[in-house]
Amino acid sequence: MNPTDIAHPDYFHKVVDCQWACPAHTPVPEYIRLIAAGRYGDAYMVNWESNVFPGILGRTCDRPCEPACRRGRVEEGSPEHRKASAKPEPVAICRLKRVAADYKGDIRGRLPKPPTARNGKRIALVGAGPASLTVARDLVPLGYECVIFDGDRQGGGMMRTQIPKFRLPDSVIDEEVGYILDQGIEFRGGTRVDSMRALLEQKFDAVFVGSGAPRGRDIAIPGRNEARKNIHIGIDWLSSVSFGHVTSIGKRVVVMGGGNTAMDCCRSSRRLGGEQVDVIVRSGFDEMKASPWEKEDAMHEGIPIHNYLVPKAFTHDNGKLTGVTFEKVAPQKDKNGRRQLVPTGEPVVHFPCDDVLVAIGQENAFPWIERDLGIAFDAHDMPVVDKATMASTRPDVFFGGDAAFGPKNIIWAVAHGHDAAISIDLYCHGESLAKRPPAHVNLLSQKMGIHEWSYDNAIHGDKRYRVPLKDKVIALKDIRAEVELGFDLRTAYAEAQRCLNCDVQTVFSDKLCIECDACVDICPMDCITFTVNGAEPDLRTRLMAPAPDLEQALYVSAPVKTGRVMVKDEDVCLHCGLCAERCPTGAWDMQKFLFEPAHADDRCHGKHASAVPVEFAGLAAE
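Here the structure is a predicted model, which is why all the values come from computation and not from measurement. (Residues numbered from 1 in each chain as written. Predicted model: local features only at pLDDT ≥ 70, side-chain atom pairs only at ≥ 80, totals over all residues. Heavy atoms only, no water.)

**A look at the overall build of the protein**
Put simply, the rule reads: Helix and strand labels come from DSSP, where a helix needs a run of H or I of at least four residues and a strand needs a run of E of at least two; each type is numbered from the N terminus. For the radius of gyration, the atoms used are the C-alpha atoms, and the globule rule reads 2.2 Å times the number of residues raised to 0.38. Burial here depends on accessible area, computed with a 1.4 Å probe over protein chains only, as a share of the maximum for the residue type. Under 20% is buried, over 50% is exposed, and the range in between is partly exposed.
For the protein, the helix and strand inventory stands at 23 helices and 24 strands. For 622 residues, the compact-globule formula gives about 25 Å, and the C-alpha radius of gyration of the protein, at 27 Å, lands near that figure. Taken over the C-alpha atoms alone, the protein extends approximately 90 × 65 × 50 Å along its principal axes. Looking at the protein residue by residue over its 622 residues, the buried ones come to 55%.

**Some details on the domain arrangement of the protein**
Interfaces are often described in size by the accessible area the parts lose on coming together. Quick reminder of the rule: A domain assignment, automatic or from a database, supplies the domain bounds used here. Contacts are assigned to residue pairs with any non-hydrogen atoms lying within 4.5 Å of each other. Summed over both partners, buried area is the accessible surface (1.4 Å probe) that two parts give up on being assembled. The working definition used for a salt bridge is a side-chain nitrogen of Lys or Arg within 4 Å of a carboxyl oxygen of Asp or Glu. Here a polar contact is taken to be a pair of N or O atoms separated by no more than 3.5 Å, where protein atoms must pair a possible hydrogen donor with a possible acceptor and residues adjacent in sequence count only if both atoms sit in side chains.
With domains assigned, the protein is organised as domain 1 (113-214 + 364-428) and domain 2 (216-361). Here the C-alpha centre of domain 2 lies 32 Å away from the C-alpha centre of domain 1. If you look at the interface, domain 1 gives 10 residues, while domain 2 gives 12 residues. Buried area between domain 1 and domain 2, both sides added, is near 940 Å², and the carbon and sulfur share of it is 54%. Linking domain 1 to domain 2 there are 2 salt bridges. Here E294 ties to R167 by a salt bridge, and the two come within 3.1 Å at their closest N and O atoms. Put simply, domain 1 and domain 2 have 5 residue pairs in polar contact (both at pLDDT 80 or more) between them.

**Re the side chain of Q446**
With respect to the element layout, Q446 can be found in the loop between strand 17 (440-445) and strand 18 (447-449). Setting aside chain neighbours within four positions, we find Q446 in contact with E452, W453, S454, Y455, V504, M590, Q591 and K592.

**Some remarks on the nonpolar core**
How we decide: Residues enter a nonpolar core if they are buried and are Ala, Val, Leu, Ile, Met, Phe, Trp, Tyr or Cys, with the set joined through side-chain atoms within 4.5 Å.
Counting residues in hydrophobic clusters, the biggest one holds 69 residues, and the most contacted among them are M196 and F399. Contact partners of F399, with chain neighbours within four places excluded, come to F208, V209, F366, I369, I375, P383, V385, M390, S392 and A404. The next biggest cluster of nonpolar side chains, apart from the first, holds 58 residues, and it includes V99, I107, F508 and C579.

**Looking at the packing of aromatic side chains**
Note the following rule: A pair of aromatic rings is counted whenever rings of Phe, Tyr or Trp (Trp by its six-membered ring) have centres within 6.5 Å, and the orientation is called stacked for planes under 30 degrees apart, edge-to-face for over 60 and tilted otherwise. Look at NZ for Lys and CZ for Arg. If either is within 6 Å of the ring centre and within 35 degrees of the ring normal, a charge sits over the ring.
Summed over the entire model, instances satisfying the criterion amount to 13 aromatic pairs. Measuring from centroid to centroid gives 6.2 Å for F149 and F204, while their planes differ by 85°, and the two rings are edge-to-face. Here F204 lies in the loop between helix 13 (196-200) and strand 4 (206-209) and F149 lies in strand 2 (residues 145-150), a separation of 55 residues in the sequence. F204 carries the same exposure label as F149, and that label is buried. Members of the aromatic cluster, connected to one another through ring pairs, are Y11, F12, Y555, F593 and F595. Positioned above the aromatic ring of F204, the side-chain terminus of R122 is 4.2 Å from the ring centre. For the cation-ring pair, R271 lies above F166, with the distance from its terminal atom to the ring centre recorded as 3.9 Å.

**Considerations on the sheet that holds strand 9 (residues 305-306)**
Filter applied, for reference: Only when DSSP finds a minimum of two bridges between them are two strands counted as paired. Every axis corresponds to a line fitted to the C-alpha atoms, with the helix fit spanning only the stretch in contact, and the corresponding angles, defined between N-to-C directions, vary from 0 to 180 degrees.
An order of 6-14-7-8-9 is seen for the 5 strands of this open sheet, with the pairing classed as parallel. Sheet topology places strand 6 (231-233) and strand 9 at the edges, where each strand pairs with a single neighbour. By the bridge criterion, 3 bridges tie strand 6 to strand 14 (residues 355-358) in an arrangement that is parallel. Residue I233 lies in a different strand from strand 14, and its bridge partner there is V358. Contacting strand 6 and strand 14, helix 14 (residues 234-242) crosses the sheet at an angle of about 85° to strand 6.

**Looking at empty space enclosed by the protein**
Operational definition: In the cavity and pocket records, a cavity denotes points on a 1 Å grid over the protein atoms alone where a 1.4 Å probe fits but cannot get out, a pocket denotes an open set with protein on both sides within 12 Å along at least 5 of 7 lines, and lining residues are residues with an atom within 4 Å of a point. Grid points are joined across faces, edges and corners, and a volume is the space filled by probe spheres set on the points. Gly falls in the polar group here, along with every residue not listed as nonpolar (Ala, Val, Leu, Ile, Met, Phe, Trp, Tyr, Cys, Pro) or charged (Asp, Glu, Lys, Arg).
A full pass over the atoms with the stated rule returns 6 cavities of 30 Å³ or more. Put simply, the largest cavity is a space of about 130 Å³. For the largest cavity, the lining is made up of 14 residues, of which R95, R167, R267, D297 and E484 are closest to its centre. When residues of the lining of the largest cavity are traced back to their parent elements, those giving at least two are helix 9 (93-102) and helix 16 (292-300). For the lining of the largest cavity, the element with the highest residue contribution is helix 16, accounting for 3 residues. Across the lining of the largest cavity, the residue classes break down as 3 nonpolar, 1 polar and 10 charged.

**A word on the packing of helix 3 (residues 28-36) against helix 4 (residues 40-51)**
The test is simple: Here the word oblique covers every angle except those under 35 degrees (roughly parallel), over 145 (roughly antiparallel) and from 65 to 115 (roughly perpendicular). Here a crossing is taken to be left-handed if its near helix is turned anticlockwise relative to the far helix by less than a right angle, and right-handed if that turn runs clockwise.
Running from N to C, helix 3 and helix 4 point in directions that differ by 165°, and their axes come no closer than 7 Å. Between helix 3 and helix 4, the angle falls in the class roughly antiparallel. Crossing hand, helix 3 versus helix 4: left-handed. Each of E30, Y31, L34 and I35 in helix 3 lies in contact with helix 4, whose residues at this interface are Y40, D42, A43, V46 and N47.

**Some thoughts on the pairing of strand 24 (residues 588-596)**
Burial within strand 24 is extensive, with 9 of its 9 residues counted as buried. Of the two faces of strand 24, the one lined by W588, M590, K592, L594 and E596 and the one lined by D589, Q591, F593 and F595 are each fully buried. Relative to strand 24, strand 20 (residues 504-508) is paired through 5 bridges, and the arrangement is antiparallel. Pairing of V504 across the sheet is with K592, part of strand 24.

**Some details on the confidence of the model for the protein**
Basically, it comes down to this: On a scale of 0 to 100, pLDDT captures the predictor's confidence in every residue.
Per-residue pLDDT for the protein averages 92, and the proportion of residues at 70 or more is 95%. Long-range and interchain partners of residues 606-622, a stretch whose pLDDT sits below 50, account for 40 contacts in this model, where long-range means more than four residues apart.

**A closer look at helix 14**
Counting buried positions over the 9 residues of helix 14 gives 7, a clear majority of the element. Three or more residues of helix 14 are buried, namely G234, I235, W237, L238, S239, V241 and S242. In this structure, the buried side of helix 14 is in contact with helix 11 (158-161), strand 5 (215-216), strand 6, helix 15 (260-271), strand 14 and strand 15 (362-363). Among the residues trailing helix 14, G244 stands out with phi positive, at a value near 80°.

**So, helix 16**
Taken residue by residue, helix 16 has W293, E294, K295, D297 and A298 as its buried positions. If you follow the buried residues of helix 16, they end up packed against helix 15 and strand 9. Looking one or two residues past helix 16, G302 carries a phi angle of roughly 80°, positive in sign.

**Considerations on the packing of helix 3 against helix 9**
The description of two helices packed together rests on the angle between their axes and the distance between the axes. Between helix 3 and helix 9, whose axes approach to 10 Å, the crossing angle comes to 50°. The orientation of helix 3 relative to helix 9 falls into the category oblique. Handedness of the crossing formed by helix 3 with helix 9: left-handed. Between helix 3 and helix 9, the contacting residues are V28, Y31, I32 and I35 on the first element and I93, L96, K97, V99 and A100 on the second. Looking at the contact of helix 3 with helix 9 residue by residue, the classes come out as 8 nonpolar, no polar and 1 charged.

Structural data, given as structure tokens:
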């Protein structure tokens, strides 16, 4: 194998699994270290630079970072966990983000100030959700005049209208949306865009569409029309609850669907008078699209989830809804090995109810975009959007968030916003959208002495700490009472200590190595091997811990003095630093890798300046 090119920006970026998995590439270990050091304002600003909404996401993020967390893999492979049959659990990355938001203090002085001069370019943004707000936040400091249109009178989009207040209080939305709107953005709330042609005629230099996926899917089964008065589309019902238009529901409620919207519907129903609330899902429990913690929260509140049931008809008495009948199904593979659901032949199941909430998915709706404007749509009536640039087939129109590729989550909308802002900036300067600015990357040694590092490299065996919840009896009485109470500072510190600092890399210098094998002896994971080089499939079998998975990264050095090479398995390395502490020649060093994704700042045009100066290197107290 050839020596690993550790200078390539993506090599160590992929090793920091949590940051790599985050669509916005938030430097997770960096802000967790800052939390452990009590620097909550700095931790918040590290988040704000990349994910824009730390307080909101600290409560609602879908957490793609956590399944990737190295902690889970390491615990899974440890003898202690195997012996105890314990479930490996990642660091509570999302809830630590909330800690930064809860304890940050006043950070307004660290935010960009409204620009004193404009650059003459006007950008229209349709929808005031996370994607549009991210685009505006990135462009306004560069002098762009950004105008956001939204049918609702307050900004936030689906964050405000579709996420229940017991999960995300208005005060948090007001604060973080306010940080952006206060930068000199023109917000035209209560102004619905009904025609793209009319919008384009207003001579904007570019248009960004971040209108979300505003239409919930309906279900066409017998009885739907007759009992329509008590059958509600989930996302529309949640919006009505959010704005106070709906304040009660029947005592018996059936929620159809297995996603996070269904979980929000059933939990909201319990708070509005639903005494018996049942969630009915056509798939199995493990196949449900709802996040595991959302299902746990629903069941904690006494809501049963029934699986493998397909709706057949709404029952009614002269138009008054009386219930829903379901057919029992079971998973089975067809002759081609494809999984399908087939009827079991058992009698249909009838769930009596007073109201039904249909939460079986969302769809995009673009009746307001005329089809003769050069904006192409695919067979599913979705805009044709470039996944790298967020550009449509019309040069001055861009899409992002759910409006671009269908329903996902807030962090994906933020990532789309960053990419679209870069593209809009390039477009307005007459530059190619393919000319993407590079990320900012560096490696910084953490050595403070022969055996001392500037970060805590002890490996703690603590299990994941649980976020405390409001008493269930109290929580179910008030739909606006936040259920999760958040970590206190003592627990936040303990949870932060579970982080393995996997952005602090073990960097090897073949020229300094004397092949004493001290690093091999002390490595607790047997992930370092000195061996004769060879073809990758063969070399992987000759490691101290064989690594047959070709997707599992290997760090291969240039030949050392005897001609052997050092091979380190990046997948199981703890980043504990014991190899560097034991090495008598300094051939191993612990170096912090910092990856800052490119945004639409003045880096795009050959300069480098950060809108928010944050010191990343040290951990001194604020």
